[in-house]
Amino acid sequence: MQQQLPLEGITVVSIEQAVAAPFATRQLADLGARVIKIERPGDGDFARRYDRTVHGQSSYFVWLNRSKESVTLDLKDERGQEILHQLLAGADVFVQNLAPGAADRLGLGPDVLTARYPRLIPCTVSGYGTSGPWADRKAYDLLIQCQTGLVSLTGTAEETARVGISVADISAGMYAYSGILTALFARATSGVVHPVEVSLFEALAEWMSQPAYYTRHSGTQPPRIGTQHATIAPYGAYTAADGKDVLFSIQNEREWAALCADFLGRPELTDDPRFATGSDRVVHRDALNAIIAERFAHSAAADILKSLDEVGVACAGVNSLTEFLEHPVLEGRDRWRDVAVPGATVQALLPPADLAGVTARMDPVPSVGEHTEAVLTALGHSPESLAALRADGTI
């Protein structure tokens, strides 16, 4: 008997591009929602062209768009708009991350949609919010990393650095996903429809709360210190005798005592006033790092990792992406699944939240407009109508 996925029966229509909105809707698709992705005729979502590394497909697009149906529509054409509204009439959720003001110009603002479709939950993903002084500004991931101060915390004392993944987009996509789930629950239990709005800026601003609190109440922001932790010591990467880096973290006084006695071989350090508390160890980080570096200089990384494990100190080698792909946890917990992409198959990770008795849907990544004819035929369009729409570039 085929399993019933938790979101089966929910239909999502999304005018989406890039990362944030597609990440939200892919997670809905993973749990069984039908996601109809509206793309521009011809090129489709511009994220399809970010790179060509996955069997000719974009690594971004393959990651974000499995299990969706791709329908091409020219939304500047009245016939394209009519088809969109046919889809919205049967949808539960509408997601869009169009450029500032574009949804309103198309008559797709949340107030208009909820008046026309009382059960439809609109979700808007924007850069800086749909109101306020920056509502009309475009926003991309690295711009948001800069605006929230994240880049000022990342890197070394000499040079800032971007976070190496699209962290602003990902955070916005996660909040859009959880907001949509909450709105669906509210609709199911109370009948009330709550439109959802998430901005990249406010999503990443939430993630910046700890350094923001630290800065507001200390008068200075945490320093940039590479792989070291700005406010906890020892916590960071150190180089072993064989040149490989090992990162470890001390989170409490019990671990600190074990590190001193059983790894550093210097139990007297627990009585050293320079290292008496976590805050003291941060102040005297340089002296502490010199002691740790001396211990690391006499052992290979593998031996250090073994010793730290035996002491009960959390530690890790600093993996490359290749080492991550071969990680024993992913293999041992059977996290990889085959997913079809146009002309090939790739391995993709299962969604991280496991629901007992539920197997996430891992259906193919669509080609541009792959489902247009099937979806429009189900709406009642004849072969002649589809041919005319295609000839005119409407689909």
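Residue positions are given per chain, counted from 1 along the sequence in the order it is written. Restriction of local features to residues with pLDDT of at least 70 applies here, the model being predicted, together with a cutoff of 80 or more for giving and counting side-chain atom pairs; totals for whole chains, interfaces and linings are based on all residues. Processing note: side-chain calculations cover all non-hydrogen atoms of the structure and skip hydrogens and water entirely.

Draft legend 1. Structural view of the overall build of the protein chain. Scanning the protein chain for helices and strands turns up 18 helices and 11 strands. Dimensions of the protein chain along its principal axes, counting C-alpha atoms only, are 85 × 45 × 40 Å. Here the contacts in the protein chain between residues at least 6 apart in sequence split such that 66% fall between residues at least 24 apart. Surface accessibility of the protein chain: about 20000 Å² in total, with carbon and sulfur atoms responsible for 54%. Charged-residue counts in this description rest on Lys and Arg as positive and Asp and Glu as negative, His and the chain ends being excluded. Charge coordinates come from a single atom per side chain, which is NZ of Lys, CZ of Arg, CG of Asp or CD of Glu. Taken together, the 33 basic and 48 acidic charged side chains of the protein chain have centroids lying 3 Å from each other. Each helix is a run of H or I in the DSSP string that is no shorter than four residues. Each strand is a run of E no shorter than two, and both are numbered from the N terminus. Contacts are assigned to residue pairs that have any heavy atoms within 4.5 Å of one another. Here the Shrake-Rupley method, with its probe set to 1.4 Å, supplies the accessible areas, and only the displayed protein chains count as covering residues.

Draft legend 2. Quick look at the pairing of strand β2 (residues 34–39). Counted residue by residue, β2 has 5 buried out of 6 residues, so it is predominantly covered. The handedness rule is simple: strands pointing away from the viewer, and a clockwise path from the first strand over the helix to the second, make the crossover right-handed. For the handedness criterion, the β-α-β arrangement of strand β1 (residues 11–15), helix α1 (residues 20–30) and β2 is classed as right-handed. Here β2 runs beside strand β3 (residues 68–72); their pairing, made up of 5 bridges, is parallel. Across the sheet, the residue bridging to I36 is E69, located in β3. Between buried and exposed lies partly exposed: a residue is buried under 20% and exposed over 50% of the maximum accessible area for its type, with that area taken using a 1.4 Å probe on protein chains only. Being paired, for any two strands, means DSSP has found at least two bridges between them.

Draft legend 3. Layout of the environment of R49. Mapped onto the elements, R49 comes out in the loop between β2 and α2 (59–64). Along the backbone, R49 and F61 are 12 residues apart, and their C-alpha atoms lie at a distance of 8.5 Å. R49 has contacts with D43, G44 and S58, leaving out every residue within four places of it along the chain. Between N or O atoms, a polar contact is any pair within 3.5 Å; within protein, one atom must be a potential hydrogen donor and the other a potential acceptor, and residues adjacent in sequence are included only when both atoms are from side chains. One polar contact links the side chain of R49 to the main-chain carbonyl oxygen of D43, over a distance of 3.3 Å.

Draft legend 4. Spatial organisation of the packing of helix α11 (residues 253–263) against helix α14 (residues 301–311). Axes, fitted as lines to C-alpha atoms, cover a helix only where it is in contact. Angles between the N-to-C directions of the axes lie from 0 to 180 degrees. Two elements in contact, α11 and α14, have axes separated by 10 Å at closest approach and are oriented at 125 degrees. As judged from the angle between their axes, α11 and α14 are oblique. In this structure, α11 crosses over α14, and the sense of that crossing is right-handed. Residues A258, L259, D262 and F263 of α11 touch α14, and the partners they reach there are I304, S307, L308 and V311. Any angle from 65 to 115 degrees is called roughly perpendicular, while one under 35 is roughly parallel, one over 145 is roughly antiparallel, and all others are oblique. Note: crossing handedness is left-handed where the near helix turns anticlockwise from the far helix by less than a right angle, and right-handed where it turns clockwise.

Draft legend 5. Spotlight on the sheet that holds strand β7 (residues 235–239). Judged by pairing direction, the sheet is antiparallel, and its 3 strands sit side by side in the order β7-β8-β9 without closing on themselves. Edge strands, defined here as strands with exactly one partner in the open sheet, are β7 and β9 (314–317). Across the sheet, the mean angle separating the axes of adjacent strands is 25 degrees when strand polarity is ignored. Bridge analysis of β7 against strand β8 (residues 245–249) gives 5 bridges, and the strand direction is antiparallel. The partner of Y235 across the bridge, within β8, is S249.

Draft legend 6. Spotlight on the pattern of salt bridges. Salt-bridge detection follows one rule: a side-chain nitrogen of Lys or Arg within 4 Å of a carboxyl oxygen of Asp or Glu. Counted under the stated rule, the structure contains 20 salt bridges. The salt bridge involving E253 is made with R281; its shortest N-O contact spans 2.9 Å. Within this pair, whereas E253 is found in helix α11, its partner R281 is found in helix α12 (residues 278–283), the two being separated by 28 residues in sequence. Here E253 falls in the partly exposed class, since its relative accessible area comes to 41%. With a relative accessible area of 3%, R281 lands in the buried category. One salt bridge in this structure joins R390 and E373, with 3.5 Å as the shortest N-O distance. Taken together, the residues R390 in helix α18 (residues 383–391) and E373 in helix α17 (residues 372–378) connect sequence positions 17 residues apart.

Draft legend 7. View of the sheet that holds strand β4 (residues 93–96). In spatial order, the strands read β3-β2-β1-β4-β5-β6; together these 6 strands make up an open sheet with parallel pairing. Of all strands in the sheet, those with a lone pairing partner are β3 and β6 (196–199), marking the two edges. When strand polarity is set aside, the average angle formed by the axes of neighbouring strands in this sheet is 20 degrees. Pairing analysis gives 4 bridges linking strand β5 (residues 121–126) to β6, with the strands arranged parallel. Bridging across to β6, S126 finds its partner in S199. Helix-sheet contacts for helix α8 (residues 167–190) involve β4, β5 and β6, and the interaxial angle to β6 is about 170 degrees.

Draft legend 8. Highlighting the pairing of strand β10 (residues 336–341). As paired elements, β10 and strand β11 (residues 344–349) share 6 bridges and run antiparallel to each other. Bridge assignment links W336 to a residue of β11, and that residue is L349. Connecting β10 to the next strand, β11, in antiparallel fashion are 2 residues, including G343 with a positive phi near 85 degrees.

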